[in-house]
Each structure stands twice: as structure tokens, then as C-alpha cells.
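So you can see what is in the structure, the chains are spelled out below.
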Amino acid sequence: MSGGPPKGLPSTGPHSLLDMPHPLAGSSSEEAVGGDSTPSPDLLMARSFGDKDLILPNGGTPAGTSSPASSSSLLNRLQLDDDIDGETRDLFVTVDDPKKHVCTMETYITYRITTKSTRVEFDLPEYSVRRRYQDFDWLRNKLEESQPTHLIPPLPEKFVVKGVVDRFSEEFVETRRKALDKFLKRITDHPVLSFNEHFNVFLTAKDLNAYKKQGMALLTRVGESVKHVTGGYKLRSRPLEFAAVGDYLDTFALKLGTIDRIAQRIIKEEIEYLVELREYGPVYSTWSALEGELTEPLEGVSACIGNCSTALEELTDDMTEDFLPVLREYILYSDSMKSVLKKRDQVQAEYEAKLEAVALRKEDRPKVPADVERCQDRMECFNADLKADMERWQNNKRQDFRQLLMGMADKNIQYYEKCLMAWESIIPLLQEKQEAK
Amino acid sequence: MEQAPRDPERQLQPAPLEPLGHPDAGLQAAMTENNFWLKKIEINVSEAEKRTGRNAMNMQETYTAYLIETRSVEHTDGQSVLTDSLWRRYSEFELLRNYLLVYYPHIVVPPLPEKRAEFVWHKLSADNMDPDFVERRRIGLENFLLRVASHPILCRDKIFYLFLTQEGNWKETVNETGFQLKADSRLKALNATFRVKNPDKRFTELKHYSDELQSVISHLLRVRARVADRLYGVYKVHGNYGRVFSEWSAIEKEMGDGLQSAGHHMDVYASSIDDILEDEEHYADQLKEYLFYAEALRAVCRKHELMQYDLEMAAQDLASKKQQCEELATGTVRTFSLKGMTTKLFGQETPEQREARIKVLEEQISEGEQQLKSKNLEGREFVKNAWADIERFKEQKNHDLKEALISYAVMQISMCKKGIQVWTNAKECFSKM
């Protein structure tokens, strides 16, 4: 149990944690293995087990072992943040091989999840399981429940308007597969979420449904305690960094929305352009049938326009499948970031309210009551976790957008290169002098 | 004037004039084997000016006048001397062309640029007073004059010469030729069919070809205008990226610069379409010229058709007169005639009356035979000359259209290269994000 009066709001999460005296101070690797599975409702208690979160028993009791506080382990975070090039990465997850299943009650798609890991939490070095969308949805809900102070990556949209989109078309399935792959990779990259019990089971269990049923009864009490922070507490003042992020996210989401609309509009215009091109090319063919000496040149132009049309179609398909979904995903991502920020506000508000209540009481206690301390810790841990996640999110965002926009530029370059090649190749044909007939 | 004295009363002696004018004219020196003329002539329609005046009904009107400058070029040193300079309006060009159509029915007469803007894509104005339209018309009129000047036969025409040299009184001079009277009003009825018993197969095929050509080029121009419209839309919407990237860069730290500069390239991309489509209009104009040329080709076929029809009618008339004559002479009535009927009803005519009639008929027959002979000759001359010009036209058409297609391909290549450049620049900016 940590003693002393509650500290002020930590300005930088990880550093202040390092500074805080820890009763069981020691390096993470020395910590108890396989550990104490008795969940502690007390955040402080859980924190005292330090970096225990690194070692998750495989298939152990799902409840409580992954606690928010323990997630703020600096060592772990630093380790994983540094290996962007994957040199020291020890967990690899891929989503591929979509397959359609036709059953009496329903038809659905499953995806193969391949996991390769040297982590101790995994009994085997490699796993291959099949999961469907609702399994991903379940996983995300579980993560939100069990890691409420963390930002959970978004999933592609659950519902599709039947009749408008073909749920089983190759394009739709492929787009979804990519998004699901991205989802799991983001979790894999996260120093805390990747060690989550539910995540582990998702990757490894043969029968996920059985596990799901089992898990329903037990709820993360820590999670619950945070979840049960109801509204109604007014926030005094939001720490600058969170206020700034809130504002940033508002504008960011707006700009993304605008970009989404522009991109859609461009695709629409390009498709209409394509429709006209498809009528334009053949007219040259019709004309060439009337002519003698001009037959080949006109036919050549017709074929050329046909090639450009094909290239344009490829461009619009690519943009629809690769660009728009990723953009939308980020809008969802910033939405979930905002709701986590709101939760954080609530935690802070609750703490402040309780603190105020205590101050108003004429009691002369030297110590702050335990529940207020708990609130404070909750808030501080939340702040720390969130701050870390925000930084990670900003970095990833930068990488992701860099890649996305470079990809968009690339696709356009390829389109023009294809057209250029087509037109350059018919110049010699057009310049050819026909032999006297 | 410095060159050999020219008598405006005579037909011009010189050989075809090599066009040295505007590069947009897209003409090659034609008929070089006949080029014995030492001094080349340059024709420019160099300016267009808005004017107001009073029309035939004394109402005020606004029109555009075009300045035509003719220069003779010294062969040895290439220096040009301005010989003539005058202003003409579109209606005077029309008058010139209508005159040429009547006096040279066997020639595929070069067409004028369109009277009203057609096949426009939305950004292009359909207004005749619009400066872009006026500019394109100026080029088209110059092209027309160069076409006429480089035609081996048309270039020698006196009225054409006067068009370039005599500003005042030219209209009266043209009208004095009485060409309007000579014009066959039947030609105006474009779709009226004249049942020709022995049509010339070549002309029938040619007429069919000109119809098809008109149809396909019209279609092509219509779709091209729609394509231009759509392409314009695609490029312009990209301009919105410029603004939003700029706004977004304001809230970013490391990403800001890259976004901002990429946005600039998107603006460049969006604005590049204006020049691209303006260039494409020249291609459309080249196609339009041949759309109208197809009409001129059809006109030649039509005139031949009419000629043939007249010939057949004349031959038919002659044959029936001959028959009548024979019947009168022999007394047998094989053909129905009103005279025959009345004779039956009211009694036989006197031998003197019959003799008189036979004499009239014989005169008519003799006249008719002369006419038929000359018509036949005329017809054969027409076919020979027309076919010569048609062959010339075919070569010109094949050459010009090939050139047009090449220049179109070059335009497309340039557009693709610009696109690659812009997106490569944008990609580099994104990479710095």
C-alpha cells in the first residue's frame, strides 16, 4: 500500500510512476510468474503487483488479471515502442483466407487468424484459428470492458445495407479483411492490449463460443468500477493536454469528413468520366470501318482510349477499396478516442467532487479517506494510460496517413503511366506511311 | 504592288499559292508540281473587331469584322511585303463561298467555320460574341482562305482575288455575276430524292460515305464534348483537397508542412485542366472542318445526281417527241396523246395541220438532240473534273486527319506527363509528413 498524501495530478504519466516508491519494486522479469490470480478490486492493490501484466497465464481465469494500473509499465512500453522495425517483436498476427460458410440458418464469412509468438503466454509457437466478424466484435467489447482506460482500435462497420452492398462480393470481403487485419495488428502493437487475456483466447482457442459463454458471468471488477462512474459530476478544469487533444480531435474529425466527401466526389466524377470514355472509344472504331488509309490509325486510337478506360477503372476501384475505408476507420478511431476522453473526464470529475466533499466536512482527519484515494489513483492511472495511448495514436496516425496519402498519389501516378504508355505506343502507328495500294 | 501587273479583269494566271500562314491552319503546300509562281502569297486574318452598323432594314446591329492581310513573299530572301489589307465580316465570307459553290459545282469547296457554336461542353460559351469563339472563328476563316488559295482551280478565281483586294463594292461585283440566279434551287431541298435510272455507282458510294462521315464525326464531337465536361469535373474537384489540406495542416505539428505543400500541388493540378481543354478545342475544330467538308462532298454528289436526272429527263423527253413524230408520220397511234383523242372525237386534222405539227416536232427534236449532246458532254466533263478533285480531296483528308490524330495523341501524352509530375510532387510532400 502506498503511503503518504495523494500526489498532485501527474503531468506525465509514466515518469511519475517511475518516481513513485513501489513496495515491490523490481524489474518486471523478476515478478511472480503465473501469478496471483485473485483479482483485487483495489487499483492500488493491483498496482502493487507491478508489471505482472506482462505475464499472463494462458487460459487462466479471465477476470481481473489484466488491470488498468498495471498497464502503465514503462519498461514494457519502451520496449515495444522502440521496435517499429519489428526486430525485437515477439508477436505476429495475420488475417487472411476468407471463406464462405453456408449453414441452414445463415451464411457467413470466416477469416483465418495466424499467430506466431515467442511469448510465454502462448503455449505453442504458432496458432491458426478461424473467426468471423461477430467474434471480432465480441473481442472489441471485451477489450473495452477490461481496458477502459485504453483506446481500443476501431472495427470496420458492423452493418451493411442489404441490397446496396453485396456482403459476399470479393471487393467487400477483401476490404473487410484488410480492416480486420489492421485491427488485430494495432492491438498487437499495443504494449498493454496485446497481453490482454481475451485477446490471447481469441487468437488461440479452438472453441471460442464456449469461452464466450464462460466469460459472460465474470466481469472485470476493475473494469466495472470504472464503468460505474456515472455522469453528473461536473469537471472543474481539464488538464491542458487533454483539452488540447479534445479540440484537436474535433477539428481532425471534421477535416477527415471533408476529405472523405471530396474523395467520394472524385470517384463519382471519375466514374462518370469513365462512362463517357467507354462510348467515345468505339466511335473511332465505327469511323475506321468507313475509311481506307485511315482505318489503322483510327482503330489504334480506339484501342488506346479503351486502354485508358481500363486504367481509370482500376484507379477508381483501388480508391474505393483501399482509400475510403481507411479514412473512415480513422473517423471511427477519433470517435472512440473522444469517448475515452469523456470517460476520463468523468473519473476526474468524480475525484474532484469527492475531494471537495471531504474538504467541506469539518472532520479533522489527517488522512484522506480510502475511497478518495482510490479515486485519485484511478484518475492518475487513467491519465497515464491515456496519455501513452494518445502519443502512440499520434505516431501511428502520422505513419498511417503518410502511407495512405502516398498510396493515393501512387495510384494516380500508375494510372497516368498506363495512359502515357498507351498513347506513346500508337504514335509510330499514326506516323506510318502506308504503302501504295 | 511590286509583282507582275495584274489585270483584275482577267482570270488570275498564277499557279496555286502556297499557304504560309498560321501554323494552326494545318495545311501542307499543295499541288507543288504546278508551282511555277515565283512569289508566294501569305494570307492572314489577323484581327477581329466589334462593330456596330445599320443593317438592310436600317436597324442597328452589332457584328464582328475581320482584318485580312495579304502579303507577297520574295522568293529569294523571304521578306514579305504587305500588298493588301481590308476588313470583311462573316456574311461576306458566306457570300464568297456561295458564289464558289455555284460556279464550281464539281469542286469540293472548302467549308467555313461554323456560324454558331455547336458541340460545346459546358464551360465553353455558345455566345457568338464571346472572345474565345471569335478567336476560334478568326482562325477558321483564315484557314478557309488558305484552303481556297491553295486549291489549284479556286485560287484563280477573279471574285476570290477581289475578295482579298477590293474592299468597297465587292458585294455588288459578286451579285452582278448573277450567280444567285444560276443556283439550282433544287439543291436546297437536301433530302428530296430524284429517281435516277442509271446512277453512277461511284457517286452513289461517295454520297453514302459522306453521309456516314457526317454522322460519325457528329457523334464523335458530341461525345468528346461530354468527355471534356467530365474530365473538367474530375480535375476541379481535386482543388478542394488544396483547401482542406491547408486547414488540416494548421492543427498538425510534424505533418503540417507536408500537407500544406501537397495541397498546393493539388491546386496546380486542378488549374491545369483549363489549358489542356483549350488545346483540345483545336482538335475539335480540325474534326469540325471535316464534318463540314463532308457536306461539301455530298453537295458535289448531289449536283451530279441532279445533272444525271436532268440528262435522263431530257433523253426521255426527246424519245417521246421522236415517237410522236413517227406516229404522226406513219399515222399509227400507239401512244396516247391529247391531240390524238381530240382528233378521234372531233375529227381528223388536215394534212396541212399534220405537216405543221411534224415540222415543229422535228425542230424540237433537232434542238433536243443538240441539247442532249451538250448535256452529255457537260456530264462527262463534270464527272472527270469532279473525280479529279475528289481524289485530291481524299489525299488531303487522309493527310490532315492523320496529322490531327497525331497532334491529339501528343496532347494526351503531354497531359499524362503533367499528371505524373504533379502527383510525384505531391507524393514527395506526403513522404515528408
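Because the structure is predicted, anything quoted here is derived from the model rather than measured.

The next subject is the overall build of chain B. Scanning chain B from N- to C-terminus turns up nine helices and three strands. Shown N-terminal to C-terminal, the secondary structure of chain B runs as helices and strands in the order β-β-β-α-α-α-α-α-α-α-α-α. Each of the 433 residues in chain B was classed as buried or not, and the buried ones make up 47%. Excluding contacts between residues fewer than 6 apart, the proportion of contacts in chain B whose partners are at least 24 apart in sequence is 73%.

Running from N to C, helix α9 (residues 240-290) of chain A and helix α6 (residues 201-249) of chain B point in directions that differ by 165°, and their axes come no closer than 8 Å. If you check the angle between α9(A) and α6(B), you find them roughly antiparallel. In this structure, α9(A) crosses over α6(B), and the sense of that crossing is left-handed. By residue class, the composition of the contact of α9(A) with α6(B) is 28 nonpolar, six polar and twelve charged.

Now for the sheet that holds strand β3 (residues 126-132) of chain A. Residue and element names in this part refer to chain A. The strand order across the open sheet formed by three strands is β1-β2-β3, and the pairing between neighbours is antiparallel. Where the open sheet ends on each side, the last strands, each with one partner, are β1 (91-102) and β3. Sheet twist, expressed as the average angle between the axes of neighbouring strands with direction ignored, equals 20°. Note: strand β2 (residues 107-117) against β3, seven bridges, orientation antiparallel. Bridge pairing in β3 links T110 to R132. Of the strands in this sheet, β1, β2 and β3 touch helix α6 (residues 197-204), which is tilted by about 95° from β3.

So, about the environment of B:L162. With respect to the helices, strands and loops of the structure, B:L162 is situated in helix α3 (residues 158-165). Between the C-alpha atoms of B:L162 and B:R380, which are 218 residues apart in sequence, the distance is 31 Å.

Let us now look at the confidence of the model for chain B. Do not read the predicted coordinates in detail wherever pLDDT is low. All names here are of chain B. Averaged over all residues, the pLDDT of chain B is 82; the fraction at 70 or higher stands at 82%. Considering each helix and strand of chain B separately, the mean pLDDT is smallest for helix α8 (residues 338-346), with a value of 64, and largest for α6, with 95. Here residues 1-38 is modelled with pLDDT under 50, and outside its nearest four sequence neighbours on either side it reaches 76 contacts, counting other chains as well. As scored by the predictor, the complex reaches a pTM of 0.77 and an ipTM of 0.83.

The accessible area lost on association of the parts is a frequent measure of interface size. All names here are of chain B. Each assigned domain of chain B is listed with its residue range as follows: domain 1 (41-72 + 81-182) and domain 2 (184-332 + 356-432). Distance from the C-alpha centre of domain 1 to the C-alpha centre of domain 2: 20 Å. Listed per partner, the contact involves 27 residues of domain 1 and 32 residues of domain 2. Carbon and sulfur atoms supply 62% of the area that domain 1 and domain 2 bury against each other, a total of about 2,400 Å² over both sides. Of all residues in domain 1, V108, F119 and W121 give up the largest surface area on contact with domain 2, accounting jointly for 34% of the area buried on that side. The interface formed by domain 1 and domain 2 holds five salt bridges in total. Linking domain 1 to domain 2 there are nine residue pairs in polar contact (both at pLDDT 80 or more).

All right, on to the nonpolar core then. Counting 129 residues, the largest nonpolar core has A:F323, B:Y241, B:F245 and B:W248 as the members making the most contacts within it. Counting residues per element, this core draws most heavily on helix α11 (residues 370-431) of chain A, which supplies 23 residues. Not counting residues up to four positions away in its chain, the partners in contact with B:W248 are A:Y248, A:F252, A:K255, A:L256, A:I259, A:F401, A:L405, B:M255 and B:L259.

Cut-off values and rules
- Residues numbered from 1 in each chain as written.
- Chains lettered and ligands numbered in written order.
- Predicted model: local features only at pLDDT ≥ 70, side-chain atom pairs only at ≥ 80, totals over all residues.
- Heavy atoms only, no water.
- Helix = DSSP H or I, 4+ residues; strand = E, 2+ residues; numbered from the N terminus.
- Buried < 20%, exposed > 50% of the residue type's maximum accessible area, 1.4 Å probe, protein only.
- Contact = heavy atoms within 4.5 Å.
- Axes fitted to C-alpha atoms, helices over the stretch in contact; angles between N-to-C directions.
- Parallel < 35°, antiparallel > 145°, perpendicular 65-115°, else oblique.
- Left-handed = near helix turned anticlockwise from the far one by under 90°.
- Nonpolar A, V, L, I, M, F, W, Y, C, P; charged D, E, K, R; others polar.
- Pairing = 2+ DSSP bridges.
- pLDDT = per-residue confidence, 0-100.
- Domains from an automatic or database assignment.
- Buried area = accessible area lost by both parts, 1.4 Å probe.
- Salt bridge = Lys/Arg side-chain N within 4 Å of Asp/Glu carboxyl O.
- Polar contact = N/O pair within 3.5 Å; in protein donor to acceptor, adjacent residues only side chain to side chain.
- Core = buried A, V, L, I, M, F, W, Y, C linked by side-chain atoms within 4.5 Å.

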